[in-house]
Amino acid sequence: MVTATTDPAPQFAGATQDLILGGPENPFVVAVLGNPNTGKTTLFNALTGLKQRTGNYAGVTVDSAIGSFVNGEHNFMLVDLPGSYSLTPRAPDEVVAVRALIGSGATARPHVVLCLVDATNLDRNLFMLTQVLEAGLPVVVALTMVDVAKREGISIDYRTLSKRLGAPVIPIHASKRQGITQLKEAIDTASSSGSVPSQSVGLPDQIAAEVDVLQSLLENGTAETKSLRTRFLAHRILMDRDGYLSNALGDAVPAKARAAAAEARQRLSSAGHAIPGAEIDRRYAWIADLVNVTVDRAGAARFVWTRRIDAIVTHKFWGVLLFLISMGVVFQAIFTWAGPFMDLIDTLVGAVGSGVGSVLPGGAFRSLIVDGVIGGTGAVLVFVPQIAILFALITLMEDSGYMARAAFLMDRVMAGFGLSGRSFIPLLSSFACAVPGIMSARSIEDRRDRLTTIVIAPLMSCSARLPVYVLFIAAFIPNRTVAGVLGLQGVTLFAMYLVGIVVAPLVAWVLKKTRLKGPDVPFLMELPPYKIPSWRVVLFRVYDRSWAFVRRAGTVILATAIVIWALSYYPTQPEVQARYDMARAATQDEVEIDRLDRAEAAEKLRGSFLGRAGITIEPLVKPLGWDWRIGMATIASFPAREVVIAALGTIYSLGDGQDESSPELRATMQAATWPDGRPIFTPAVAISVMVFFALCSQCAATLATMRRETGSWAAPVFTFVYMTTLAYIAALLVYQIGSRLPAIT
Amino acid sequence: MGRTLADLAPDEEGTVASVEGDDSLSHRLAELGFTAGAHVRFIRTAPLGDPIQVGIRGFELAVRAREARRVVLV
């Protein structure tokens, strides 16, 4: 029977515990790994269904999908580790798998490793599998893409393969859900028996002897003796020539062991066993033997469709044209397809706001709920359709194999400012949102390239900037055509996106010439075969990212909206109230009362904490052509730029809850004047505001993600300073030059 | 130095003799299967002249010409 326990870390393998292993409270932990592009996400979804979440797995500071399934009486927790080509890591995402297999400190080792092997690409997939077999953990092999392999004329003798590997091999056709039951059964058996693979590649004697020495050094002074775990760790540390893994593992690898590993490599190298070359050759020789007896490639016709498609997609003319068209479709989709959905959400939020407002008594509480809570978050929820569409398109490009081709095409361009095609994917994703964009930079091996990419990613105009552009363009850019065919408003919108696209390479170029100077980085990237994207993968990703955005609206943005509301509502000014009450009592004219209401709100705002602060900072924003209200709205939106819409709504004495398509906010802004009667907003001012938003670092989530991904505050602090400085200077130039051009004032 | 992967013409094949150098790039190339005796194929050049698309051990890879010059052929 399961008994009550207070054990805080019930997943430790082998530890004595009150909970029955495999029970609902203490599932078997299954680490899922494999090469990139082996259909891992599809298999993960097939195994766990919707029982998954994105989370941090024990000490690993990387979001891994965590899912679960039940087989008979046993419960399993699956952890999806980032795809990798080898257990000799050179990039942050590659460390994750090794760290999980080794386990350290608070991180439990998994009970079983589920390793994916792509049947169409056996040699390279088996390479990492041979390393996984040495981890001293039970291994189950899922052989994916067997249907494709069969079509291509590759036949595999699974039984012999399984016998030679010393681990169960289960052929899978994940999208048709074939083999899933057998796979669950095999995972169950492996978990219960705990038996580790019986075969391994084996090392040349001299290398094996060095691993022995290193292992005893690692075990010195610990409870472990001759454990399979330390043997695996010793082996990996010996192969870790650049010290990347040792550094990532920190204290788990004592300085003594690092030094010993370096000396061992020296000795082996002079004895003719270059590390890691000797080990790599050994593995591929072993694989060649294995493949010889288990695989028949007679009559194999590989990549017929992929080759045909690539002939067009990477063609000198058609390839470039197709690339430009796909980028065009992405932007077009965000701007137009999202429209109806945005209107719908807008209407709903408005209805909820007035519904709630009508039942609440007047006063501070109603203002807080209606203006602060509903208005503030509603203004943000409107962007969910855009986020969903963008993620759907980006996932489609990734899952189909097109994204890799886009990176292939763009590599030469990226090389021009010191980056590589690898940086293209994070930058493109950043048009949706810099947070996932920055996270996808994990696959970039070179530290300098990775940092540069992370630091410039927030310059891409994300979906939260779009409403700012839409509001200001609709209000202040004349709706007329230029050059006969192009709408001036559309051109302006495109120009705002260009601001980031032009500035980002310049920043990258400067960084790569100065602080992040270093040798040119090699570019190596797999071009996976094309496939029909899995709608499950696309839908899940869209759901996951949209929900993450909604949660954020409910926390960070909600909190900011409430603070802004409070700062502009307090202190209460009874004397002002009394004065306007008297004026209102003296008239019957509806229009006059309305005017008095607005004047009262404006006066109260000037007297509020926010207003006083705004008047103090006005000299700072005046050179940009802004009045204090724009200045305060902008400052208020530093935690999250989309807040500016709600802030402008509040500040322009309308009450909160305005959104970018609201004619009222637009009209009030158009009518707003300086004390001397000149209109505040001219096209030059509007463009100055938009350029500021295009360049400024106004997103706490982005900075927090940078901190997490780079492990220090240096990158976020630098990004905040450079972006904000650039934004100020650019807005200043735009206004100072723009307001002197007769054509646009 | 002999012929390298970068010297092949589109659609031409070759056999790997060795990978020059002893750094993380040469190790990564070896891990991906560029070991002595492996067959490689030059597929095409990217529209802007670099990188190149190559085939090795049943999969395809984008590498810059500079890196491909490290792969010496028989």
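Residues numbered from 1 in each chain as written. Chains lettered and ligands numbered in written order. Predicted model: local features only at pLDDT ≥ 70, side-chain atom pairs only at ≥ 80, totals over all residues.

**A few points about the sheet that holds strand 4 (residues 59-63) of chain B**
Spatially, 12(A)-4(B)-3(B)-2(B)-1(B)-5(B) is the arrangement adopted by the 6 strands of the open sheet, whose pairing is antiparallel. Each edge of the open sheet carries a strand with a single partner, namely strand 12 (524-526) of chain A together with strand 5 (71-73) of chain B. Averaged over all pairs of adjacent strands, the angle between strand axes in this sheet comes to 45°, irrespective of strand direction. Where strand 12 of chain A lies against strand 4 of chain B, 3 bridges are found, and the strand directions are antiparallel. Across the sheet, Glu 526 of chain A pairs through a bridge with Leu 61 of chain B, a residue of strand 4 of chain B. Running over the sheet, helix 17 (residues 402-415) of chain A touches strand 12 of chain A together with strand 3 (52-56) and strand 4 of chain B and is turned about 155° from strand 12 of chain A. (Pairing = 2+ DSSP bridges. Helix = DSSP H or I, 4+ residues; strand = E, 2+ residues; numbered from the N terminus. Axes fitted to C-alpha atoms, helices over the stretch in contact; angles between N-to-C directions. Contact = placed C-beta atoms within 7 Å.)

**A word on the interface of chain B and chain A**
Between chain B and chain A, the contact holds 27 residues from the first and 32 residues from the second. In terms of residue count, helix 1 (residues 24-31) of chain B provides more of the side of chain B that touches chain A than any other element does, 6 residues in total. Here the residues of the side of chain B that touches chain A are counted per class, giving 11 nonpolar, 7 polar and 9 charged. (Nonpolar A, V, L, I, M, F, W, Y, C, P; charged D, E, K, R; others polar.)

**A closer look at the pairing of strand 1 (residues 13-19) of chain B**
Residue and element names in this part refer to chain B. With 3 bridges connecting them, strand 1 and strand 2 (residues 39-45) associate as antiparallel partners. Paired with Gly 14 across the two strands is Val 40, which belongs to strand 2. Across 3 bridges, strand 1 lies against strand 5 in antiparallel orientation. Bridge pairing in strand 5 places Val 16 opposite Leu 73.

**Considerations on the pairing of strand 6 (residues 139-144) of chain A**
Residues and elements named next belong to chain A. Judged by how many residues are buried, strand 6 sits mostly within the fold: 6 of 6 residues are covered. Residues Val 139, Val 141 and Leu 143 of strand 6 are buried on one face, and the alternating residues Val 140, Ala 142 and Thr 144, pointing to the opposite face, are buried as well. Pairing of strand 5 (residues 112-118) with strand 6 involves 6 bridges; the strand directions are parallel. Residue pairing in the sheet places Val 117 in a bridge with Leu 143 of strand 6. (Buried ≥ 20, exposed ≤ 12 C-beta atoms within 10 Å, placed from the backbone.)

**Quick look at the domain arrangement of chain A**
All names here are of chain A. Parsing chain A into structural domains produces domain 1 (28-193) and domain 2 (205-272). Put simply, the middle of domain 1 and the middle of domain 2, counted by C-alpha atoms, are 26 Å apart. Each partner contributes to the interface: domain 1 provides 14 residues, whereas domain 2 provides 14 residues. Residue composition of the side of domain 1 that touches domain 2, grouped by class: 6 nonpolar, 4 polar and 4 charged. (Domains from an automatic or database assignment.)

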